[in-house]
Amino acid sequence: MLEAVFSFRGRLNRLQYFLGNVGLFVGVIVLVIVGAVTVGAQLRASGGAPSLATLGPIALLALILVPPLFWISFSLQARRFRDIGWDPVLMVPGWIGVLVIDELVAKGVPALSLSHGQHTLFGVLFNLAMAGCLLFWPGKGEDPAPPLLQRPPSTWTPPPPEPAPAPRPVMPAPSYGAAPAAPRFGRRGLPG
């Protein structure tokens, strides 16, 4: 089970990658909420002044949980890159390298940064392009069209044709000039 989350082997299709990222996001949000509630409770108990004793457990928890979260994120990206057909050994470090260079340019040339030396427009667009590729680029084993738009192959075979109906027996035509038939038994057969 843990191999599915932490392993860099194998491939992930688009849906598996998306659901993996949703699970990772929900896990991070839960951790942030738990940390915020804990810090808020400790701040109320200490009279509102943050101290090392207040923030120490939260910082320790962050130091313990942040590396596995990054590992899981890189694992998802590497397996998705492999499914697309790109080499994850080149793509993941390359992506990180572009983001580091973008941060250095944003801090070194504040006129190019979008918000207080954080990112440049190139870095934001590059990040969006890479995330879009991971989410929407079809993998090597996938069909280009989603399965909902494709018609599944038919396994239905038509029934064999029905045999032609047997010819109906032909009744002889009545003859009007013939002799009357012999009387029969029963009510209609009696003269009278």
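Relevant structure appears above.
Let me sum up the structure you'll find in this document. Keep in mind that this is a model prediction, so the values were computed, not measured.

## Re the overall build of the chain
Looking only at helices and strands, the chain features five helices and zero strands. In the chain, the succession of helices and strands from N to C terminus is α-α-α-α-α. Looking at the 192 residues of the chain, the share that counts as buried comes to 17%. Within the chain, counting contacts between residues at least 6 apart in sequence, those at least 24 apart form 63% of the total. Roughly 15000 Å² of accessible area belongs to the chain as shown, and the carbon and sulfur atoms make up 73% of that amount.

## Here we look at the packing of helix α4 (residues 88-108) against helix α5 (residues 121-136)
Close contact between α4 and α5 brings their axes to 9 Å; oriented N to C, the two are set at 160°. Considering their axes alone, α4 and α5 lie roughly antiparallel with respect to each other. The two elements α4 and α5 meet at a crossing, and its hand is left-handed. From α4, Met91, Trp95, Val98, Leu99 and Asp102 reach across to α5, where they touch Phe122, Gly123, Phe126, Asn127, Met130, Ala131 and Leu134. Within the contact of α4 with α5, the residues separate by chemical class into nine nonpolar, two polar and one charged.

## Let's talk about the nonpolar core
As a rule of thumb, soluble globular proteins bury nonpolar side chains together. Of all hydrophobic cores here, the largest spans 12 residues; its members are Leu12, Tyr17, Leu24, Ile72, Leu76, Ala78, Phe81, Ile84, Val92, Trp95, Met130 and Leu134. With five residues, helix α3 (residues 52-84) is the single largest residue contributor to this core. Not counting residues up to four positions away in its chain, the partners in contact with Leu24 are Leu69, Ile72 and Ser73.

## Some words on α4
With 21 residues, α4 ought to run about 30 Å at 1.5 Å a step, and its terminal C-alpha atoms sit 30 Å apart, in line with that. Taken together, the buried positions of α4 are Pro88, Val92, Trp95, Asp102 and Ala106. Relative to the axis of α4, the buried residues are bounded by an arc of 90° and lie together on one face. Opposite the packed face of α4, turned more than 90 degrees from it, sit the exposed residues Val89, Leu90, Ile101, Leu104 and Gly108.

## A few points about the side chain of Ser75
With respect to the helices and strands, Ser75 occurs in helix α3. Owing to a relative accessible area of 0%, Ser75 belongs among the buried residues under this scheme. The residues touching Ser75, leaving out its near neighbours within four places in the chain, are Val5, Phe6, Ser7 and Phe8.

Calculation notes
- Residues numbered from 1 in each chain as written.
- Predicted model: local features only at pLDDT ≥ 70, side-chain atom pairs only at ≥ 80, totals over all residues.
- Heavy atoms only, no water.
- Helix = DSSP H or I, 4+ residues; strand = E, 2+ residues; numbered from the N terminus.
- Buried < 20%, exposed > 50% of the residue type's maximum accessible area, 1.4 Å probe, protein only.
- Contact = heavy atoms within 4.5 Å.
- Areas by Shrake-Rupley, 256 points an atom, 1.4 Å probe, with all protein chains shown as cover.
- Axes fitted to C-alpha atoms, helices over the stretch in contact; angles between N-to-C directions.
- Parallel < 35°, antiparallel > 145°, perpendicular 65-115°, else oblique.
- Left-handed = near helix turned anticlockwise from the far one by under 90°.
- Nonpolar A, V, L, I, M, F, W, Y, C, P; charged D, E, K, R; others polar.
- Core = buried A, V, L, I, M, F, W, Y, C linked by side-chain atoms within 4.5 Å.
- Expected span 1.5 Å × (residues − 1).
- Arc of directions from axis to C-beta.

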